Amino acid sequence: MNVKIIFGIVVLFTIFTFTANAAAPVSGKILEESTGHSLEYANILLLSLPDSSFVTGATSSEDGQFRFDNVSSGKYLLKISYIGLENQLLPVDVSTKPVDLGDIVLKESNTLREVVVTSKIPPFQSGINGGIVANVSTTLLSTVGTATDVLQRMPGILANNNQITVFGKGAPLMYINNRKVQDLSELERLESSEISTVELITNPGAKYDAEGRAVLLIKTKTRVNGFSIQATERIRIGKYLGDNENISIAYTKEPLNLFATYYHNYTKQEADENHRFLLKNTNDLWQHDVFIPNYRYSRSTQQASAGLDYSLNDKHAIGGQYQFDTQKNENINTISSLTHLNNVKYDESHVQSFLKATPNRHLMNAFYSGKLNDKFSLRVDFDYLKNHEYREQRSDETATLESRTVNTFSQTDYDLYAGKWTNSYQSNAGLIEFGGEYNYIAGNGFTHNPEGYTDNNEFTNKEQKAAGFVGYSHRLNDINVSVGLRYEFTSEQFTDSTGTIIINQRYSDWYPNLSVSKKIKNMDLSLALNKRTQRPRFSELNGNTLYVNRFLFQKGNPYLKKANIYDLNLQATMNPFYLNIGYIYEQNPIVPFFQEQEKNKSAILSTYDNFPNYQELNATLNFNYKMRFWQPNYTAAISQPFFSANYDGQKVSYNRPYCFFVAYNDFTLPLSFVLSCNFRYSSKARQYYIEGEERKQFDLGLRKSFFNNALRANLTVYDIFNWTREQAHIQFNNLRWDTDKKFETRYATLSITWMFNNYKKKYRGGSAAQDDINRF
């Protein structure tokens, strides 16, 4: 599929939407009577008359604004609700002209209990320019547990091995109240009952980093001012006990918001791994069988943060935040290896291996957010990150040919400085956003092997990135159109231990995006096209060699190039169904790469390389419907890759399609218990030349709230039938690798959360360089 065909599809879709039926937007602003201040996260429902059936819903923005686009002509009822305030009902008559309801004032209620919405509000709706919005606070999603539990229930989002990915898009950029998520543990510390909405943007605009192929925006509910505490204890019950403690303290008295958090997590697990490597040389066939039984690994994490958010007035705010993270990771295992040369036993070894890593980082963030007038606003963010990691590995080998001890010591240090500014100008002609950002990274490191089995080396790395962007969005009749353009310039310099410059790259590129969306009767349609990129992570560039055993080594590739990714997405939403169809063309994808080690033809070097291209067609279908006591949430997806690579002297096609199916079932039981029965299945999957076997898992959970939601308990048992295991096959060049891993997937968690005053801190700062922060 070439660029001309893609452009033709976009043009035809735009023509089609222009000729469809007309509609008009409905907008307004929510205010509180006693203070006159705008209300954020007020619930707004649009109901059709005369039957009061649900049409659409939203929450108000930070300045109290709301807007429903593409509302068909007719008579409606607008229902506004907010905790502690009286409901407001307004009749709305929509024709072909925009309806601006102006200021809508909510009065104080005699009761402070939260309003319970009784209409059948759908958990998911389409966004303004595509994507999907989860209505958490007004649906059963508010009771599922943590933010991670909410995200994995959204159509097209997968949560595996503590990673969040979007089907066909990879790992998304994530924000909580406009502040970028620093690590995934933040999602575990955020309770689902605190969340108002979650928006998945599948066509990110120009203001987002070009590496972000998808964006998740999480907004929490507003709470009253004052002092608040939230404490959570979570116990993991498996072969070993694990514990997770989190305490969050906040004090808010306008115009000041102070907050501090402390988080600790300890996990210890066990796994079994089996590997078989077949390496064909010119005249020889090497077979390495590796067995790693009872592989034990543990991680201890501590994180502390503190910050403030101060409103200079109702239009200007400043703030800052400091965060410190430290980890201690340990892996202990016994590795048995059996080597055959031309089907004759060549060597047998047993290795006692110990690996210890102690990464830590300091992160400081500051921001300014201001509205210079009714149309123009400015936002500025600054980041400083200091990252340090020390790693040591000891392997004691007993072998037929030679017994030896191998010690490897490595260290990396990086400093990052970043700044970003964004301007917004809103007028009747549309919304214009423009700005720029600059990142500077300086790093150094070394690897030392005193026995001389791997090369000793030192390196330095410097990287600069400058970017500018502009985006424009506007309504043309009843069509939402959004266009943007981003420019990025990057320079990289990499030197070895002698000071010789190995890499001195400079490259720049433009990243456009376009989306067109329209509501046709009860269906929301959108078409989006964009260009993104993937830069290699520092671990993929790191030239240090990691010793696994005498026949297997791991090393980064400092010569990697960035990949360019072209996305085309068509989305249709008509409750209770959601459909997304996508096409991906990836140029110079970064792929795990295997080759003979240069100095040892019997050994394998695992590294990374760029391949010419990768293509994929994918589709996701979701069904979600709210019944009296049962809410099914089913997602089915299929992917058709197009990729080929050389194996055993022939070009092999890896085009087998794969699919997955997810079924979430929530049952509301007597006494307000909620029972969850969840099933996940994935067929044989292929990514590049890596083929994974099918997987399935069944989970069961029970949860309940006490004392008016001040205390919450959640018990979940994962992989009850112990089905899940990871099996994969790799065929590339003269190598075949078969792997079989069984992790501890059957375990239970019990969490208890206590909330006093239940106020969520609302730090409004962002991050100027989250993608670079995540690369460490």
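Draft legend 1. Looking closely at the overall build of the chain. Helix and strand counts for the chain stand at five helices and 47 strands. For the chain, the proportion of its 776 residues judged to be buried stands at 52%. A separation of at least 24 residues holds for 65% of the contacts in the chain among residues at least 6 apart in sequence. Counting every atom, the chain has about 34500 Å² of accessible surface; 56% of that belongs to carbon and sulfur.

Draft legend 2. Structural view of the pattern of salt bridges. Tallying each qualifying case throughout the model produces 30 salt bridges. The salt bridge involving arginine 361 is made with aspartate 325; its shortest N-O contact spans 3.3 Å. A residue pair is termed long-range when its members are at least 10 positions apart, and arginine 361 in strand β21 (residues 344–371) and aspartate 325 in strand β20 (residues 316–341) qualify at 36 residues. For arginine 361, a relative accessible area of 11% puts it in the buried group. Three or more residues are tied together by salt bridges with common partners; here these are Lys420, Glu437, Arg486 and Glu488.

Draft legend 3. Spatial organisation of the environment of glycine 242. The topology assignment puts glycine 242 in strand β17 (residues 241–253). Taking the relative accessible area as the measure of exposure, glycine 242 reaches 5% and is therefore buried. Setting aside chain neighbours within four positions, we find glycine 242 in contact with Arg234, Ile235, Arg236 and Tyr266.

Draft legend 4. Fine view of the sheet that holds strand β6 (residues 85–94). Reading across from one edge, β3-β2-β5-β6 is the order of the four strands in this open sheet, with antiparallel pairing throughout. Where the open sheet ends on each side, the last strands, each with one partner, are β3 (54–59) and β6. The average undirected angle you get between the axes of adjacent strands in this sheet is 20°. By the bridge criterion, eight bridges tie strand β5 (residues 74–82) to β6 in an arrangement that is antiparallel. The partner of tyrosine 82 across the bridge, within β6, is leucine 85.

Draft legend 5. Molecular detail of the sheet that holds strand β8 (residues 124–126). Pairing in this open sheet of six strands is mixed, and the strands run β8-β9-β14-β15-β12-β13 from one edge to the other. Every interior strand has two partners, whereas the edge strands, β8 and β13 (179–180), have only one.

Draft legend 6. Just the pairing of strand β19 (residues 285–311), in detail. One ladder, built from 24 bridges, connects strand β18 (residues 256–280) with β19; its direction is antiparallel. Bridged to leucine 258 within β19 is leucine 308. Hairpin connection of β18 to β19: four residues between the antiparallel strands. Where β19 meets β20, 22 bridges bridge the pair, whose relative direction is antiparallel.

Draft legend 7. How the structure looks around the packing of aromatic side chains. Here the structure, examined in full by the defined rule, presents 29 aromatic pairs. Through successive ring pairs, a cluster of aromatic residues spans Phe611, Tyr614, Phe643, Tyr688, Tyr689 and Phe732. A cation sits over an aromatic face here: lysine 531 above tyrosine 511, 5.4 Å from the ring centre. Geometry around tryptophan 723 places lysine 696 over its ring, the cationic atom sitting 4.7 Å from the centre.

Draft legend 8. Local environment of the side chain of lysine 420. As for its placement among the helices and strands, lysine 420 is situated in strand β23 (residues 404–427). Polar side-chain contacts of lysine 420 include one of 2.7 Å to the backbone oxygen of lysine 207.

Draft legend 9. Representation of the pairing of strand β39 (residues 658–668). Direction of pairing for strand β36 (residues 630–642) relative to β39: antiparallel, over a ladder of 10 bridges. The partner of serine 639 across the bridge, within β39, is tyrosine 658. Here β39 pairs with strand β40 (residues 674–682) via nine bridges, running antiparallel. Within the sheet, the bridge partner assigned to valine 662 lies in β40 and is arginine 680. In this antiparallel pair of consecutive strands, β39 and β40, the connection spans five residues, and leucine 671 shows a positive phi of 65°.

Draft legend 10. Structural detail: unusual backbone geometry. A cis geometry characterises the amide bond from glutamate 254 onward to proline 255, with omega recorded as 15°. Examined against the element boundaries, proline 255 turns out to sit in the loop between β17 and β18. Unusually for a residue other than glycine, leucine 671 sits at a positive phi of about 65°. Note on placement: leucine 671 falls in the loop between β39 and β40. Of the residues examined, leucine 671 reaches a relative accessible area of 66% and is grouped as exposed. One non-glycine residue, serine 672, adopts positive backbone phi at about 65°. Of note, serine 672 is situated in the loop between β39 and β40. Exposure remark for serine 672: the relative accessible area of 54% places this residue in the exposed category.

What counts, and at which threshold
Residues numbered from 1 in each chain as written. Predicted model: local features only at pLDDT ≥ 70, side-chain atom pairs only at ≥ 80, totals over all residues. Heavy atoms only, no water. Helix = DSSP H or I, 4+ residues; strand = E, 2+ residues; numbered from the N terminus. Buried < 20%, exposed > 50% of the residue type's maximum accessible area, 1.4 Å probe, protein only. Contact = heavy atoms within 4.5 Å. Areas by Shrake-Rupley, 256 points an atom, 1.4 Å probe, with all protein chains shown as cover. Salt bridge = Lys/Arg side-chain N within 4 Å of Asp/Glu carboxyl O. Pairing = 2+ DSSP bridges. Axes fitted to C-alpha atoms, helices over the stretch in contact; angles between N-to-C directions. Phe/Tyr/Trp six-rings, centres within 6.5 Å; stacked < 30°, edge-to-face > 60°. Lys NZ or Arg CZ within 6 Å of the ring centre and 35° of its normal. Polar contact = N/O pair within 3.5 Å; in protein donor to acceptor, adjacent residues only side chain to side chain.

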